[in-house]
Amino acid sequence: CSVSLISLFLLSIFLKQWKIETQNPIILIGIDISFSMVMQKDSLEIKKDLLTKLETLKKNISKNFEVKTLLFGNKTSSSNDPASFNEKETDISNLLSEIENNFSDQNIGALVIVSDGIYNKGSNPIYDSEKLNYPVYPVAIGDTSEIKDLAIQKIDHNQVAYLGNIFPAEVI
């Protein structure tokens, strides 16, 4: 009895159990919740219509995909609360690094980034997205016209400056 029990345990090393599990790919939707998203003329449309359209999108693709929403601004969170659009900074590289940290071992089908494209913290998202093994689909929101922040009208300076000397410059 003991010999057969020992041989049974030794044979269990050679016996393998095959288990096939089908998992739907994950579609990640990153929503920019910075204040710059609602500074445009169509801010009311973004606050109301954008979120309802995203919910409709989630319902339509949830049959074939698992959909997860990530809210990003200064930090990234995976909250199901509605977007508040009150963050002061946009850090898309933080979003990509959080996805890499939290979803690296999962089957990611695609990343959809809903943003106005204005990032003011972190590295350039174009370079960060080149490392990813799944497609990134940006959804551009906002006005396409450029708004001037600052303009340099005149620079007053000395006509002659020697190497190593400190000289004043006045920028208007």
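Predicted model, so just to flag it, every value in this text is computed and none were measured.

Conventions used here
- Residues numbered from 1 in each chain as written.
- Predicted model: local features only at pLDDT ≥ 70, side-chain atom pairs only at ≥ 80, totals over all residues.
- Heavy atoms only, no water.
- Helix = DSSP H or I, 4+ residues; strand = E, 2+ residues; numbered from the N terminus.
- Expected span 1.5 Å × (residues − 1).
- Buried < 20%, exposed > 50% of the residue type's maximum accessible area, 1.4 Å probe, protein only.
- Patch = residues over 30% accessible without salt bridge, like charges linked within 9 Å, V, L, I, M, F, W, Y side chains within 5 Å.
- Areas by Shrake-Rupley, 256 points an atom, 1.4 Å probe, with all protein chains shown as cover.
- Salt bridge = Lys/Arg side-chain N within 4 Å of Asp/Glu carboxyl O.
- Pairing = 2+ DSSP bridges.

Quick look at helix α3 (residues 92-103)
Part 1: Helix length check: α3, at twelve residues, gives a terminal C-alpha distance of 16 Å against a target of 16 Å (1.5 Å per residue), a fit within 8%.
Part 2: Here α3 has its buried residues at Ile-92, Ser-93, Asn-94, Leu-95, Leu-96, Ile-99 and Phe-103.

With respect to a nonpolar patch on the surface
Part 1: Taken together, Leu-5, Leu-8 and Phe-9 make up a surface patch of nonpolar side chains, about 320 Å² in accessible area.
Part 2: Checked against the element boundaries, Phe-9 lands in helix α1 (residues 2-11).

Structural notes on the pairing of strand β4 (residues 108-115)
Look at any regular strand and the pattern is simple: side chains alternate between the two faces of the sheet.
Part 1: For β4, the tally of buried residues reaches seven of eight residues, placing the bulk of the element in the interior.
Part 2: Examined bridge by bridge, strand β1 (residues 26-32) and β4 share six bridges and lie parallel to one another. Bridge assignment links Gly-30 to a residue of β4, and that residue is Ile-113.
Part 3: Inspection of the sheet shows β4 paired to strand β5 (residues 136-140) by five bridges, in the parallel sense. Looking across to β5, one finds that Val-114 is bridged to Val-139.

Quick look at the pattern of salt bridges
Part 1: Following the criterion strictly, the structure yields three salt bridges and no others.
Part 2: Measuring nitrogen to oxygen at the nearest pair gives 3.3 Å for the salt bridge that ties Glu-55 to Lys-58. Taken together, the residues Glu-55 and Lys-58, both in helix α2 (residues 43-61) and three residues apart, mark about one turn of the helix.
Part 3: Given a relative accessible area of 18%, Lys-58 falls into the buried group.
Part 4: The residue Lys-68 makes a salt bridge to Glu-66 at a minimum N-O spacing of 3.6 Å.

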